[in-house]
Amino acid sequence: MENWQAILSVVTFIGVIILVMTEWVHLTIAALLGALLLVFSNIMTLEQAVGYIGNSHGTLGLFFGVMVLVRAFEPTKIFEYLATQIVLLAKGEGKRLLLGIVAIVTPICAVLPNATTVMLLAPLIPPMAQEVGINFVPLLILMVFIANSAGLLTLVGDPATFIVGDAVNISFTDYLLKLSLGGVIAVATVIATLPFLFRKIWNTKLDNLEELPHPQINHPRALTVGAIIVIFVLVFFVIGESLPVPISPAAVALLGGALALLLSHHSKIDSVNNILRDVDWSTLIFFMSIFVLIGGLEKTGVINGLSGVLAAILGKNIILGSLVLLFVVGILSSLVPNIPLVVAMVPLLKQYLVTVGLAPPEVLAQDFQGQFPPEVLPLFYAMMFGATLGGNGTLVGASSNIVAAGISEQHGKRISFKTFLHYGIPVMLLQLVTSAFYVLFRFLL
């Protein structure tokens, strides 16, 4: 491929990332314009661009299905009800409030994308915190830390986790057996920091609990049926890929979303148009555009060239490679949104493995469904942990961080880059260190 096309692909990708980091342009507009620039400069045809989007159908299908599923049950007020119970169960103690946020966010983010969970629960924190007289900004930041960390508990809990897992064809069950403990350690690391980073709230005695809003659950019958749908989705997340006819997590999520639409329509708790209108199309289009941008890097040979650099530095040293990847990707992920970073790193890492002879060339195929050599999998696990936990480092590290910052500003307080950094850097560094020990002793030694 001609040099000018490779250079334009790199400049376009870096330009989009800079626009996303600085927020000069909305991230969806930046990514979409970047993808279209590659098409209009004839680096790839529109058909090829759509092909790159189609290659990532699993990620997009999972996101869309879960978004519809969650949005369909908003009218029942179940999320508002659960959030209020956190404060009531705190019994006036700040430490219990902090631990309550951990307790409710952790299981939800294990099965739902973290940004989606933050969208649902974060708007409930400011009014409740103001009612009991404490600053809600640290509570929102804590929610983000737990949401990002708990995403490592299951294959579908975090977009970056799912993208890497999908790339190496790891099943939901295999993930639970091999990697979920790493998610537990990540959450436990945040809990260990609570008395220090959140000292003021930890030692606070809350008052005026009787003034809290007490939302009531609406449409209990529809919610009961909805709970059955959610249980169905979770069960098939676990067993779907081991059935005689395998069912992917994306297909399960789409079916769950369709059943939730059917329930909402026939129970008349909401209309199909309303639910689909509220789907986060901006995020979906952003992902599609990023997949096209990564496709441009791949098509022009940029990723192949970078894999050669990686091969020269690391050789065949899996232990060194895993630790370097974990920390380098972790630090990069604190500066660059982790989803585009992971999308770029997966093909680069595959090409590196082929270049040094650790994996056969077949793994580079977009539709490769075989098994990777077991000895190389720690490299992907390390990248998964680095990308997900690095997102806790700064305000722009993960989509859930940006969501929380927007909600905070709507309620009159801006989460500055410096404020988030104060909490984020210690948590990120501790989590990267504990994750490095986990990967080292669980998979490498």
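Residues numbered from 1 in each chain as written. Predicted model: local features only at pLDDT ≥ 70, side-chain atom pairs only at ≥ 80, totals over all residues. Heavy atoms only, no water.

- Within an unreviewed UniProt entry, the label attached to the protein reads Transporter, and the organism entered is Nostoc paludosum FACHB-159.
- For the record of the protein, the UniProt heading Subcellular location (unreviewed entry) holds the text "Cell membrane".
- The UniProt entry for the protein carries this comment under Sequence similarities (unreviewed entry): "Belongs to the CitM (TC 2.A.11) transporter family." (UniProt positions renumbered as here; feature names shortened; annotations may be inferred.)

## Some remarks on the environment of Cys109
Right, on to step 1. Here Cys109 shows up in helix H6 (residues 94-111).
Right, on to step 2. Here Cys109 falls in the buried class, since its relative accessible area comes to 0%.
Right, on to step 3. Sequence spacing of Cys109 and Ile303 is 194 residues, and the spatial spacing of their C-alpha atoms is 32 Å. (Helix = DSSP H or I, 4+ residues; strand = E, 2+ residues; numbered from the N terminus. Buried < 20%, exposed > 50% of the residue type's maximum accessible area, 1.4 Å probe, protein only.)

## A few points about the packing of H6 against helix H12 (residues 180-197)
Right, on to step 1. Contact pair H6 / H12: the axes reach a minimum separation of 11 Å and the direction vectors enclose 170°. Here H12 runs roughly antiparallel to H6, going by the angle between their axes. For the crossing formed where H6 meets H12, the hand is right-handed. Residues Leu98, Leu99, Val102 and Thr106 of H6 lie in contact with H12, whose contacting residues are Val187, Ile191 and Leu194. (Axes fitted to C-alpha atoms, helices over the stretch in contact; angles between N-to-C directions. Parallel < 35°, antiparallel > 145°, perpendicular 65-115°, else oblique. Left-handed = near helix turned anticlockwise from the far one by under 90°. Contact = heavy atoms within 4.5 Å.)

## Re the packing of aromatic side chains
Right, on to step 1. Applying the stated rule across the entire model yields 10 aromatic pairs.
Right, on to step 2. When the ring of Phe286 is compared with that of Phe287, the centres are 5.9 Å apart and the planes differ by 50°; the resulting orientation is tilted.
Right, on to step 3. Between Tyr381 and Phe443, the aromatic rings sit 4.8 Å apart at their centres with planes inclined by 50°, giving tilted as the arrangement. One end of the pair, Tyr381, is in helix H21 (residues 377-390); the other, Phe443, is in helix H23 (residues 417-444), with 62 residues separating them in the sequence. (Phe/Tyr/Trp six-rings, centres within 6.5 Å; stacked < 30°, edge-to-face > 60°.)

## With respect to the packing of helix H2 (residues 27-40) against helix H17 (residues 281-299)
In helix packing, the relevant descriptors are the interaxial angle and the interaxial distance, both defined with respect to the helix axes.
Right, on to step 1. For the pair H2 and H17, the least separation of the axes is 8 Å and the interaxial angle reads 35°. Relative to H17, the crossing made by H2 is left-handed. Packed against H2, whose contacting residues are Leu27, Thr28, Ala31, Leu32, Gly34, Ala35 and Leu38, the element H17 presents Ser282, Thr283, Ile285, Phe286, Ser289, Ile290, Val292, Leu293 and Gly296 at the interface.
Right, on to step 2. Taken together, the residues of the contact of H2 with H17 break down into 10 nonpolar, six polar and no charged. (Nonpolar A, V, L, I, M, F, W, Y, C, P; charged D, E, K, R; others polar.)

## Digging into the nonpolar core
Right, on to step 1. Residues Val105, Leu139 and Tyr352 are the most contacted members of the largest nonpolar core, which totals 157 residues.
Right, on to step 2. Top element by residues in this core is helix H20 (residues 338-355). It accounts for 12 residues. (Core = buried A, V, L, I, M, F, W, Y, C linked by side-chain atoms within 4.5 Å.)

## Points about the environment of Leu36
Right, on to step 1. Here Leu36 lies in helix H2.
Right, on to step 2. With relative accessibility at 34%, the residue Leu36 sits in the partly exposed group.
Right, on to step 3. For the pair Leu36 and Asp280, spaced 244 residues apart in the sequence, the C-alpha separation amounts to 21 Å.

## Some details on unusual backbone geometry
Right, on to step 1. We note that Asn42 has phi near 65°; this positive angle belongs to a residue other than glycine.
Right, on to step 2. Given a relative accessible area of 55%, Asn42 falls into the exposed group.
Right, on to step 3. Positive phi, close to 60°, is recorded for Asn169, a residue that is not glycine.

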